[in-house]
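Residues per chain are reported as follows:
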Amino acid sequence: MQWWKAGETLGVPMGEQQARAYAAFRAEGAPPATPRLAATVMLVRDPREVFMLRRAATMAFVPEAVVFPGGGVDPRDSEEQVAWEGPAPAVWARRMGTDEDVARRVVTAAAREVFEECGVLLAGGTRGVPAANVADPVWVEERRRLVEHEASFAEVLARHDLTLRADLLGLRSHWLTPVYEPRRYDTYFFAALSPADQAPDSCTTEANGAGWADPQAVLERGAQGALRLVPPTAYNLAHLAHAASAEAFAAGVDDVRRIMLEPSVDDEGKAVLSCLLP
């Protein structure tokens, strides 16, 4: 089934761990955990490659999964003094189906997280997009400050007279973790063309491997069980695999609707997570 198409039902078999988590959630009768806003960025380049990380086995959320750079929105991402270039927060709010405050925080988090996790800086100055040489002690220190929550992204940009380049991001999709999970994320997926003069790296303690990958090859390896892919990652990879080009994919879509997988039983009586794709 071409499950990446709008209007089709996406069905994912529930693993033993998921089934246990769902059973425990129902038995406890507690309300679902409050989702945390999050952002992730698909750095892409031609011919249709995407930069991916393999999460460390010690991570509490989807350990050892192959994912894109990203993470939760930080309280400091709400600082309104961040210098901004590109579509205004009101435009992003319409695209994302939310309010301006949430849109501003999520877009800021997307740019911050991709810099923290792989050293790509989606920011510009008087000469456009600067090269962020991750070997330069200045930028290594800036990344450390961000990771350790000693500085906000707004402060880092201001220190170097740079602006957040919101126009370099394209919106791709919006996913919410199922209700029974103890850790839930309300995640917006973005795409961006990898700047030609910047090389993403794997200098993050949250991953134990990183590199450029062909989306179709990753999907095939995931289907074979050779690597761990969570449904939102597979969904976005499938869209990239069928895009006309990396540039067309990075341009994003005009609006998104939130997707959440829900427990159900398929025609064969097997427990699955399913949803209707928007």
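Use the structure listed above.
Overview of the structure. (Residues numbered from 1 in each chain as written. Predicted model: local features only at pLDDT ≥ 70, side-chain atom pairs only at ≥ 80, totals over all residues. Heavy atoms only, no water.)

1. Details of the overall build of the protein
Our working rule: We count a stretch as a helix when DSSP gives it H or I for four or more residues in a row; a strand needs E for two or more, and each element gets its number in order from the N terminus. Using C-alpha atoms as the atom set, the radius of gyration is obtained and then compared with a globule rule of 2.2 Å times the number of residues to the power 0.38. We call a residue buried when its accessible area falls under 20% of the maximum for its residue type, exposed when it is over 50%, and partly exposed in between, using a 1.4 Å probe and counting protein chains only. We call two residues contacting when some pair of their heavy atoms lies within 4.5 Å. Residue-level accessible areas treat just the shown protein chains as cover; the underlying method is Shrake-Rupley with a 1.4 Å probe. For the purpose of counting charges, residues Lys and Arg are taken to be positive, whereas Asp and Glu are taken to be negative. His and the chain ends are not included. Think of each charge as sitting on NZ of Lys, CZ of Arg, CG of Asp or CD of Glu.
Assigned secondary structure in the protein consists of 8 helices and 14 strands. At 19 Å, the protein has a C-alpha radius of gyration in line with the 19 Å of a compact globule built from 278 residues. Taken along the three principal axes of its C-alpha coordinates, the protein extends 60 × 40 × 35 Å. With 278 residues in all, the protein has 46% of them scored as buried. Counting contacts in the protein only where the partners sit at least 6 residues apart, residues at least 24 apart contribute 71% of the total. Summed over all atoms, the accessible surface of the protein reaches about 13400 Å², with 49% contributed by carbon and sulfur. Within the protein, the 39 negative side-chain charges are centred at a point lying 2 Å from the centre of the 28 positive side-chain charges.

2. Some points on the packing of helix H2 (residues 89–96) against helix H3 (residues 100–118)
The test is simple: Fitted lines through C-alpha atoms serve as axes, helices being fitted only where they are in contact, and the angles separating the N-to-C directions of these axes extend from 0 to 180 degrees. Each angle receives one of four descriptions, namely roughly parallel if under 35 degrees, roughly antiparallel if over 145, roughly perpendicular if within 65 to 115, and oblique otherwise. Nonpolar residues are Ala, Val, Leu, Ile, Met, Phe, Trp, Tyr, Cys and Pro. Charged residues are Asp, Glu, Lys and Arg, and all others, Gly as well, are polar.
For the pair H2 and H3, the least separation of the axes is 8 Å and the interaxial angle reads 95°. By the angle class used here, H2 and H3 are roughly perpendicular. Counting all contacts with H2, which are made through Pro 89, Ala 90, Trp 92, Ala 93 and Met 96, the residues of H3 involved are Glu 100, Ala 103, Arg 104, Val 106 and Val 107. Its residues placed into classes, the contact of H2 with H3 shows 8 nonpolar, no polar and 2 charged.

3. Some points on the packing of aromatic side chains
Heads up, the condition is: By convention, a stacked pair of Phe, Tyr or Trp rings (six-membered ring in the case of Trp) has centres within 6.5 Å and planes under 30 degrees apart, an edge-to-face pair has planes over 60 apart, and any other such pair is tilted. Two conditions define a charge sitting above a ring: the NZ of Lys or the CZ of Arg must be within 6 Å of the ring centre, and it must be within 35 degrees of the ring normal.
By the definition in use, this model includes 6 aromatic pairs. When the centroid spacing of 5.3 Å and the interplanar angle of 70° are considered together, the rings of Trp 175 and Tyr 235 count as edge-to-face. Taken together, the residues span a long stretch of sequence, with Trp 175 in strand E9 (residues 170–176) and Tyr 235 in helix H7 (residues 231–241) at a distance of 60 residues. Of the two residues examined, Trp 175 and Tyr 235, each falls in the buried class. Over the ring of Trp 92 we find Arg 95; its NZ or CZ atom is 4.9 Å from the centre of that ring. The positively charged end of Arg 104 is found above the aromatic ring belonging to Trp 84, 5.4 Å away from the centroid.

4. What to know about the environment of Asp 255
Position of Asp 255 relative to the elements: it lies in the loop between helix H8 (246–250) and strand E12 (258–259). We classify Asp 255 as partly exposed; its relative accessible area is 45%. Asp 255 sits 159 residues away from Met 96 along the chain, and the two C-alpha atoms are 5.9 Å apart.

5. Things to note about the pattern of salt bridges
How we decide: For salt bridges, the criterion is a side-chain nitrogen of Lys or Arg within 4 Å of an Asp or Glu carboxyl oxygen.
Following the criterion strictly, the structure yields 17 salt bridges and no others. In this structure, the salt-bridge partner of Glu 155 is Arg 76, at a minimum N-O distance of 3.6 Å. Pair noted here: Glu 155 is in helix H5 (residues 153–159) and Arg 76 is in the loop between strand E5 (70–72) and strand E6 (84–85), with a separation of 79 residues, a long-range link. As a salt-bridge pair, Glu 142 and Arg 145 come within 3.0 Å of each other at their nearest N and O atoms. Residue Glu 142 and its partner Arg 145 are located together in helix H4 (residues 137–147), separated by 3 residues, close to a single helical turn. According to the relative accessible area criterion, Glu 142 is buried, its value standing at 2%. A single network of salt bridges, built from pairs that share partners, joins Glu 141, Glu 142, Arg 144, Arg 145, Glu 150 and Arg 159.

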